[in-house]
Amino acid sequence: MERHRQVAWTERAAGVMPAGGFGNFDPSLVIREGHGARVWDEDGHDYVDYLIGSGPMLLGHGHPEVVDAVQGQLSKGMTFFANNAAGIELAEVICDAVTCAEQLRFVSTGGEADMYAMRLARAHTGREKIIKFEGGYHGMSAESLMSLAPTRLQNFPLAVPDSAGIPESVRDLMLIAPFNDAEFVKGLLDEHADEIAAIIVEPLQRLIPPAPGFLEALREETEKRGIVLIFDEVVTGFRLAYGGAQEHYGVIPDLCTLGKIIGGGLPLAAVAGKADIMAHFDANKAGDAGFTYQVGTLSGNPLAAIAGLKTLEILRRDGAYEQLRQNGKTVMTALENHLTNGDIPHQIVGDPVLFDVVFTASPVIDYRCVLHANADLARCFNQTLREQGVLKPPSKFYVSLALTDDDLAHTERAIAEAANALNHN
Ligand SMILES: Cc1ncc(COP(=O)(O)O)c(C=O)c1O
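As the structure is a computational prediction, the values presented were derived from the model and not from experiment.

## A short note on the overall build of the protein chain
Across its full length, the protein chain holds 14 helices and 14 strands. Radius of gyration (C-alpha) of the protein chain: 22 Å, near the 22 Å computed for a compact globule of 425 residues. A total of 425 residues make up the protein chain; the buried ones form 55% of that total. Put simply, of all contacts in the protein chain between residues at least 6 apart along the chain, 69% involve residues at least 24 apart.

## Overview of the sheet that holds strand β2 (residues 38-41)
Ordered by their spatial adjacency, four strands build an open sheet running β1-β2-β3-β13, and the pairing between neighbours is mixed. Of all strands in the sheet, those bounded by a partner on one side alone are β1 (31-35) and β13 (390-391). Summarising the sheet, β1 and β2 pair through four bridges and their orientation is antiparallel. When the sheet's bridge partners are listed, glycine 34 is paired in β2 with valine 39.

## Some remarks on the packing of aromatic side chains
This model, assessed by the stated rule, comprises 10 aromatic pairs. Relative to phenylalanine 397, the ring of tyrosine 50 lies with its centre 5.2 Å away and its plane at 75 degrees, an arrangement referred to as edge-to-face. One end of the pair, tyrosine 50, is in the loop between β3 (46-49) and α2 (64-74); the other, phenylalanine 397, is in strand β14 (residues 397-398), with 347 residues separating them in the sequence. Taken individually, tyrosine 50 and phenylalanine 397 each receive the classification buried, so the pair is uniform in this respect. Pairwise contacts between aromatic rings join Tyr50, Phe355 and Phe397 into one cluster.

## Digging into the site of the ligand
Inspection of the region around the ligand gives 13 residues, with Gly110, Gly111, Arg206, Asp232 and Lys260 positioned closest. The separation between a nitrogen atom of the ligand and a polar main-chain atom of tyrosine 137 is 3.2 Å. Aspartate 232 has a polar side-chain atom sitting 2.7 Å from a nitrogen atom of the ligand. Relative to its unbound accessible area of 390 Å², the ligand is 80% covered by the protein chains. Broken down by element, the shell around the ligand gets its largest block of residues, three residues, from helix α4 (residues 110-125). Of the residues belonging to the shell around the ligand, the class tally is three nonpolar, five polar and five charged.

## So, the pairing of strand β8 (residues 228-232)
On a regular strand, one side chain projects to one face of the sheet and the next to the other, so that they alternate. With five of five residues buried, β8 lies mostly within the body of the structure. Going residue by residue along β8, you find Val228, Ile230 and Asp232 tucked away on one face and Leu229 and Phe231 tucked away on the opposite face as well. Pairing of β8 with strand β9 (residues 255-258) involves three bridges; the strand directions are parallel. Across the sheet, residue phenylalanine 231 finds its bridge partner in β9, namely cysteine 256. Viewed along the sheet, the connection from β8 through helix α8 (residues 244-249) into β9 turns out right-handed.

## Quick notes on a nonpolar patch on the surface
Where nonpolar side chains cluster on the molecular surface, the patch consists of Phe81, Tyr293 and Val295 and spans about 370 Å² of accessible area. One can find tyrosine 293 in the loop between α9 (275-278) and α10 (302-315).

## Observations concerning the packing of helix α6 (residues 182-192) against helix α7 (residues 214-225)
Relative to each other, α6 and α7 sit at 10 degrees, their axes nearing to 10 Å. When the interaxial angle is binned, α6 and α7 end up roughly parallel. Between α6 and α7 lies a crossing whose hand is right-handed. Judged by residue contacts, Ala182, Val185, Lys186, Leu189 and Asp190 of α6 engage Phe214, Ala217, Leu218, Glu221 and Arg225 from α7.

## Here's the deal with the side chain of threonine 222
With respect to the element layout, threonine 222 can be found in helix α7. Within the structure, the side chain of threonine 222 is placed 3.0 Å from the backbone oxygen of arginine 219, a separation counted as a polar contact. The contacts of threonine 222, once residues within four sequence positions are left out, are Ile199, Ile227 and Leu229.

## Comments concerning the sheet that holds strand β12 (residues 354-358)
The antiparallel open sheet is built from three strands, whose spatial order is β11-β12-β14. Sheet topology places β11 (347-351) and β14 at the edges, where each strand pairs with a single neighbour. Along the sheet face, helix α11 (residues 320-341) touches β11, β12 and β14 and points at about 170 degrees away from the line of β11.

## Regarding the layout of surface pockets
To find the voids left in a structure, one rolls a probe of water-molecule size over its atoms. Put simply, the second largest pocket is a space of about 520 Å³. Around the second largest pocket, the lining is made up of 21 residues, and of these Phe81, Asn83, Arg105, Phe106 and Ser299 lie nearest the centre. Broken down by secondary-structure element, the contributors of at least two residues to the lining of the second largest pocket are α3 (85-97) and β4 (103-107). Per-element tally for the lining of the second largest pocket: the top contributor is α3, with four residues. Its residues placed into classes, the lining of the second largest pocket shows 12 nonpolar, seven polar and two charged.

## Quick word on unusual backbone geometry
With an omega of 5 degrees, the peptide bond between phenylalanine 156 and proline 157 qualifies as cis. With respect to the secondary-structure elements, proline 157 resides in the loop between β5 (129-133) and α5 (168-173). Positioned with a positive phi, serine 54 is a non-glycine residue whose angle comes to about 65 degrees. As for its position among the elements, serine 54 is in the loop between β3 and α2. Assessed through its relative accessible area of 33%, serine 54 is described here as partly exposed. With a phi close to 60 degrees, aspartate 343 is a non-glycine residue in the positive phi region. Note on placement: aspartate 343 falls in the loop between α11 and β11.

Conventions and cut-offs
All residue numbers here refer to positions counted from 1 along the written sequence of the relevant chain. Local features in a predicted model are, by the rule used here, given only for residues with pLDDT of at least 70; side-chain atom pairs are given and counted only at 80 or more, and totals for whole chains, interfaces and linings are based on all residues. Hydrogens and water molecules were not included; the side-chain quantities draw on all heavy atoms of the structure. Secondary structure elements follow DSSP: runs of H or I no shorter than four residues count as helices, runs of E no shorter than two count as strands, and numbering proceeds from the N terminus. C-alpha atoms define the radius of gyration, and 2.2 Å times the number of residues to the power 0.38 defines the globule rule. When accessible area is computed with a 1.4 Å probe and restricted to protein chains, residues below 20% of their type maximum are described as buried, those above 50% as exposed, and intermediate ones as partly exposed. Between two residues, a contact is recorded if the distance between any of their heavy atoms is within 4.5 Å. A pair of strands is considered paired only if DSSP assigns at least 2 bridges between the two. Two aromatic rings from Phe, Tyr or Trp, using only the six-membered ring of Trp, form a pair when their centres are within 6.5 Å; if the ring planes differ by under 30 degrees the pair is stacked, by over 60 it is edge-to-face, and anything between is tilted. Any residue with a non-hydrogen atom lying within 4 Å of a molecule or strand is treated as near it. N or O atoms closer than or at 3.5 Å make up a polar contact, with two conditions inside protein: a donor-capable atom paired with an acceptor-capable one, and, for residues adjacent in sequence, both atoms drawn from side chains. Only the protein chains shown count as cover for residues, with accessible areas throughout obtained via the Shrake-Rupley method and a probe of 1.4 Å. The nonpolar class holds Ala, Val, Leu, Ile, Met, Phe, Trp, Tyr, Cys and Pro. Asp, Glu, Lys and Arg form the charged class, and all remaining residues, Gly among them, are polar. Seen with the strands pointing away from the viewer, any crossover whose path from the first strand over the helix to the second strand runs clockwise is right-handed. The patches reported here contain residues having more than 30% relative accessible area and no salt bridge. Joining distances are 9 Å for like charges and 5 Å for nonpolar side chains (Val, Leu, Ile, Met, Phe, Trp, Tyr). Each salt bridge in this description consists of a side-chain nitrogen of Lys or Arg and a carboxyl oxygen of Asp or Glu lying within 4 Å of one another. Every angle, taken between N-to-C directions, lies between 0 and 180 degrees, and every axis is a line fitted to C-alpha atoms, over only the stretch in contact when it is a helix. Angles below 35 degrees are treated as roughly parallel, those above 145 as roughly antiparallel, those between 65 and 115 as roughly perpendicular, and all remaining angles as oblique. Crossing handedness: left-handed means the near helix sits turned counterclockwise from the far one by under a right angle, and right-handed means the same turn made clockwise. We place a 1 Å grid over just the protein atoms. Points where a 1.4 Å probe fits but has no way out form a cavity, open points with protein on both sides within 12 Å along at least 5 of 7 lines form a pocket, and any residue with an atom within 4 Å of a point lines it. Grid points are joined across faces, edges and corners, and a volume is the space filled by probe spheres set on the points.

Here it is, written out as structure tokens:
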């Protein structure tokens, strides 16, 4: 096999893309293909994959039934813009599964869905401000880039833009709160209630689970004040449970956003929620004060819809979520055992379907706890895992259903090596 193809590809990428990559993932890794729970790089090294395309490939790569379904559609046409049966059926399946989803609209990315959700909340309430949690990720809109990953910390609720190019005025529309601090949010609502359109929250923020009562408090306080509660379920939808975080935690928002899994690996996302809020998208109301413009060339394209439909059908089968959680627990237990044996201060944070190690001795309840953890240890740990054939994003393990006993055993050996490397660092 030809070696060092990756270096050549990395050099070519550097010529045509800023920082040589599609985004912020390590551009020195160039993936050639994926099958099941493994991916291969351009040099032929294989990895047990916990990146899973940044979350969509819950069934693993190239699931034969999904591939068959997509191939069946390919020869019939890739995109129509007009309504099509696959897209309509997927909308029905999602509305059946997700409690808050009386209606939905498809878009192409999670970030687009979040942008529309915030806009809908403004249209519905006639108010402009939005409460967002520090460290919460809602895509790349101007609002979402406020206090996404700030390194210069400000006093709450002041928003910090994490990107250039955002008008100063957007900062004034966003109020930033610490995740898991219901009392702080109540204070903000008391002070600004008449100005606030929405609270947007990842019900499980990045990795951090909600404290008992936190989501319930958000629900109660927003309901009392006619504020729209938005759950960003781009990650948690169809992952924490078939009905998403709202099923798992038993708290129902007014709107939610979905992405990743619902497109089965192809670009598709959705904004979903109560029919009276979604009605602002009704094009028959163009010209009315509350009309909210919503359209996209690829929205509901049949290829992605077919991939999503088959993926969700497989997830409805008996035992799917039990298996997924069991896979995750196996990895979490290996992490706990090897890091504890190595006497390395750490917390395993998250849920069996997505989690990571945070190198700190203190409990992790919000963004600042993660920011103050030991990032050098995390880098070393992840690097050793990579060298040992385990691929993960910098701050997450995404578990898939495709993991075999052999993959899990390989993962445990890599974890043992990585824990060992920390001790010799
Ligand atoms: C919670 C959450 N919301 C929104 C997004 C944005 O989705 P996309 O990358 O499809 O725009 C992401 C992406 O990772 C996410 O994790």
